[in-house]
Amino acid sequence: MIVSSPLQWTIQMSTSRGTCCIAGGGPAGMMLGYLLARAGIEVLVLEKHADFLRDFRGDTVHPSTLEVMYELGVLERFLKRPHQESRRARARIGGEEIVLGDMANLRTQCRFMALMPQWDFLDFLAEQGRRYPTFHLRMQTEVVGLIEEQGRIVGIQGDTPAGPVEVRADLVVGADGRSSVVRDRSGLTVEEVGAPMDVLWMRLSKRAGDPDLIVYSDHGRALVLLDRGSYWQCGFSVPKGTAEEMLAKAIEEFRAGIVQLAPFLLERVSELRDWKDVKLLTVRVDRLRQWYRPGLVCIGDAAHAMSPVGGVGINLAIQDAVAAANILAEPLRKGNVSTRDLAKIQRRREFPTRITQRVQALIRQQVGGIIDVSGPRRLPWALRLLERTTVPRRMRTRFIGVGIRPEHVKTPDISSDLHIRPHEMVSKNPLYR
Ligand SMILES: Cc1cc2nc3c(=O)[nH]c(=O)nc-3n(C[C@H](O)[C@H](O)[C@H](O)COP(=O)(O)OP(=O)(O)OC[C@H]3O[C@@H](n4cnc5c(N)ncnc54)[C@H](O)[C@@H]3O)c2cc1C
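Presented here is an overview of the structure given in this document. Please read all numbers here as calculations on a predicted model, not as lab measurements.

With respect to the environment of Pro82
Then, in step 1: Its location among the elements puts Pro82 in the loop between helix H3 (75–78) and strand E5 (84–86).
Then, in step 2: Along the backbone, Pro82 and Pro117 are 35 residues apart, and their C-alpha atoms lie at a distance of 8.7 Å.
Then, in step 3: Excluding residues within four positions of it along the chain, Pro82 makes contact with Met116 and Pro117.

Quick word on empty space enclosed by the protein
Then, in step 1: Counted under the stated rule, the structure contains one cavity of 30 Å³ or more.
Then, in step 2: Quantified by volume, the largest cavity comes out at close to 110 Å³.
Then, in step 3: Forming the walls of the largest cavity are 14 residues, and the residues nearest its centre are Leu316, Phe399, Ile400, Val402 and Gly403.
Then, in step 4: Where the lining of the largest cavity is concerned, the elements lending two or more residues are helix H8 (313–334), helix H9 (339–368) and helix H11 (391–401).
Then, in step 5: For the lining of the largest cavity, the per-class residue count stands at six nonpolar, seven polar and one charged.

Quick word on unusual backbone geometry
As a rule of thumb, non-glycine residues mostly have phi less than zero, and peptide bonds are mostly trans rather than cis.
Then, in step 1: In this structure, Gln140 is a non-glycine residue whose phi angle is positive, near 50°.
Then, in step 2: Locating Gln140 in the fold gives a position in the loop between strand E9 (135–138) and strand E10 (142–149).
Then, in step 3: At Arg405, a residue that is not glycine, the phi angle is positive and equals roughly 50°.
Then, in step 4: Inspection of the secondary structure puts Arg405 in the loop between H11 and helix H12 (414–417).

Quick look at the side chain of His304
Then, in step 1: Secondary-structure assignment places His304 in the loop between strand E22 (296–298) and H8.
Then, in step 2: You can call His304 buried: its relative accessible area is 0%.
Then, in step 3: Polar side-chain contacts of His304 include one of 2.6 Å to the side chain of Asp320.

Some points on the sheet that holds strand E8 (residues 113–115)
Then, in step 1: A sheet is described by the order of its strands in space; here three strands give the open sequence E4-E8-E5, paired in antiparallel fashion. The open sheet has two free edges, formed respectively by strand E4 (60–61) and E5, since each of these has just one partner strand.
Then, in step 2: Two elements, E5 and E8, share three bridges in a ladder whose sense is antiparallel. Bridge pairing in E8 links Ser86 to Met113.

A word on the pattern of salt bridges
Then, in step 1: Under the criterion given, the structure shown has 32 salt bridges.
Then, in step 2: A salt bridge links Asp102 to Arg88, with the nearest nitrogen and oxygen atoms 3.2 Å apart. You can see Asp102 sitting in strand E7 (residues 96–102) and its partner Arg88 sitting in strand E6 (residues 88–93), a full 14 residues away along the chain.
Then, in step 3: Three or more residues joined by partner-sharing salt bridges are found here, namely Glu191, Arg287, Arg289, Glu350 and Arg354.

Topic: the packing of aromatic side chains
Then, in step 1: Per the stated rule, a full pass over the model turns up five aromatic pairs.
Then, in step 2: Look at Phe78 and Phe121: their rings are 5.8 Å apart centre to centre, the planes differ by 80°, and that puts the pair in the edge-to-face class. One end of the pair, Phe78, is in helix H3; the other, Phe121, is in helix H4 (residues 118–129), with 43 residues separating them in the sequence. Just as Phe78 is buried, Phe121 falls in that class too.
Then, in step 3: Between Phe236 and Phe254, the ring centres sit 5.1 Å apart and the planes meet at 80°, which makes this aromatic pair edge-to-face. Remark: Phe254 occurs in helix H7 (residues 251–261) and Phe236 occurs in strand E18 (residues 231–239); sequence separation between them is 18 residues. An identical accessibility class is assigned to Phe236 and Phe254; each is buried.
Then, in step 4: Put simply, the rings of Phe78, Phe121 and Phe124 pair up and form one aromatic cluster.
Then, in step 5: Looking at Arg203, its charged tip hangs above the ring of Tyr231, at a distance of 4.4 Å from the centre.
Then, in step 6: One residue, Lys206, lies across the ring of Trp232, its end atom 5.6 Å from the ring centre.

A closer look at the pairing of E18
Then, in step 1: Across the nine residues that make up E18, a large majority, eight, are buried.
Then, in step 2: Two elements, strand E15 (residues 197–205) and E18, share nine bridges in a ladder whose sense is antiparallel. Looking across to E18, one finds that Asp198 is bridged to Val238.
Then, in step 3: Where strand E17 (residues 221–227) folds back on E18, the antiparallel hairpin that results is connected by three residues, among which Gly229 adopts a positive phi of roughly 85°.

Digging into H4
Then, in step 1: Helix length check: H4 (twelve residues) gives 16 Å between terminal C-alpha atoms against 16 Å at 1.5 Å per residue, within 8%.
Then, in step 2: When H4 is considered as a whole, its buried residues turn out to be Gln118, Asp120, Phe121, Leu122, Phe124, Leu125, Ala126, Gln128 and Gly129.
Then, in step 3: Taken together, the buried residues of H4 touch helix H1 (27–38), E4, helix H2 (63–71), H3, E9 and H8.

Remarks on the packing of H1 against H4
Then, in step 1: Look at H1 against H4: their axes get within 9 Å of each other, and the N-to-C directions meet at 20°. Regarding the angle of H1 to H4, the classification is roughly parallel. For the element pair H1 and H4, the recorded crossing hand is left-handed. Facing Pro27, Met30, Met31 and Tyr34 of H1, the residues of H4 in contact are Gln118, Phe121, Leu122, Leu125, Ala126, Gln128 and Gly129.

Points about the pairing of E7
Then, in step 1: The element E7 is extensively covered by neighbouring structure, given that five of its seven residues are classed as buried.
Then, in step 2: Taking the residues that link successive antiparallel strands as the turn, the E6-E7 hairpin has two residues, and the phi of Gly94 there is positive, at about 60°.

What counts and how
Residues numbered from 1 in each chain as written. Predicted model: local features only at pLDDT ≥ 70, side-chain atom pairs only at ≥ 80, totals over all residues. Heavy atoms only, no water. Helix = DSSP H or I, 4+ residues; strand = E, 2+ residues; numbered from the N terminus. Contact = heavy atoms within 4.5 Å. 1 Å grid on protein atoms, 1.4 Å probe; cavity = no way out; pocket = protein on both sides within 12 Å on 5 of 7 lines; lining within 4 Å. Points joined across faces, edges and corners; volume = space filled by probe spheres on them. Nonpolar A, V, L, I, M, F, W, Y, C, P; charged D, E, K, R; others polar. Buried < 20%, exposed > 50% of the residue type's maximum accessible area, 1.4 Å probe, protein only. Polar contact = N/O pair within 3.5 Å; in protein donor to acceptor, adjacent residues only side chain to side chain. Pairing = 2+ DSSP bridges. Salt bridge = Lys/Arg side-chain N within 4 Å of Asp/Glu carboxyl O. Phe/Tyr/Trp six-rings, centres within 6.5 Å; stacked < 30°, edge-to-face > 60°. Lys NZ or Arg CZ within 6 Å of the ring centre and 35° of its normal. Expected span 1.5 Å × (residues − 1). Axes fitted to C-alpha atoms, helices over the stretch in contact; angles between N-to-C directions. Parallel < 35°, antiparallel > 145°, perpendicular 65-115°, else oblique. Left-handed = near helix turned anticlockwise from the far one by under 90°.

The structure is reproduced here in structure tokens:
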């Protein structure tokens, strides 16, 4: 990895094997960085923020991600971090209650969804990555451009508080999220899928005896309540284009909208003192037509921004990272990543992405209450009949909890292969001589 900068970072130089520079230390970037370092690849993750602290991000860690943690041998350690476990999800649509999903029937190590603040999740991945000497993470480093030579991306340009930097690597990965600078600068084409809603996120306190429903939907609006122990993480979905109008009005009207859907919150909506207590997530659903160019590939939200339905965004980002590491570890180790290798990542992950985006749209139509904005919502009779069986809930549970084409970790753990501990790798691993 060649890093040129006035800072003179002390990054081990290597010319004998491949190097990877990842833009963005979110779930996709951190997991890929960890997996590649674990496989003995020199990897540098660049994150623009000084820390991982962000409110209301993807905090829903599904069984598919927990399965990856299990395969990595770190599940037990991971679950020691503070989290809540959610097994059964029920919704009230109009006047009717349905079971959205029940993880008890899944054939996974964990039959629950873990709710963990994303900063804890990322912190955990960073901690695991740092066990390997080839893992490098640089915070406060914003990728602002790409270095291109003879039609191939050969590195990135970054900004740091101490000045500009250039990083050259065999492969650049764009994992910098839904507003990806990498995908923008690379000229890759984005296809908008369209999202008919936006979401307003907030917290309201939780009390003993509160109903355990997760979705309330009626009158063209939906309220999602995620149990975060001492409080509810609330997402209020509104039809696209109406949020700005709502934010311009007094907050009382918004509070009344919440109470209309979930009357038990009547005495608590005053905890929203003003609009500063509410965060708008402008929902975008899109995907890249082609995820790669010579020397560069995008994964996670940078390749496909997902709808918030089902909280699959973080989990899909992890699946992309696992697939990318499985495909890239060997060519990176040999220092000959080809465009064909990068195309394999898209071939592997594009199908689950497309299907997931389509099914999210279907679920939203069924339970989101977005279609009928004029009055109370009722489930169509055919759907009501079907809901009396376990078929829809089993299908939804599998789709949300495990996903389409679940990935499995195939990359080696170089330290355990050699029966040495990560910190001893530099001296004992033949790759490092
Ligand atoms: C308000 C909100 C609520 C959400 N709720 C949920 C949920 O409940 N469940 C769920 O599954 N998903 C949720 N999502 C989506 C979920 O957060 C994403 O799908 C998931 O985090 C994608 O992971 P990623 O690594 O691809 O991208 P991101 O998580 O967006 O990570 C990208 C990282 O790159 C960094 N970055 C960006 N630009 C640059 C740059 N130029 N240089 C260097 N670093 C850069 C960012 O700071 C960030 O750390 C939510 C998203 C938002 C915005």
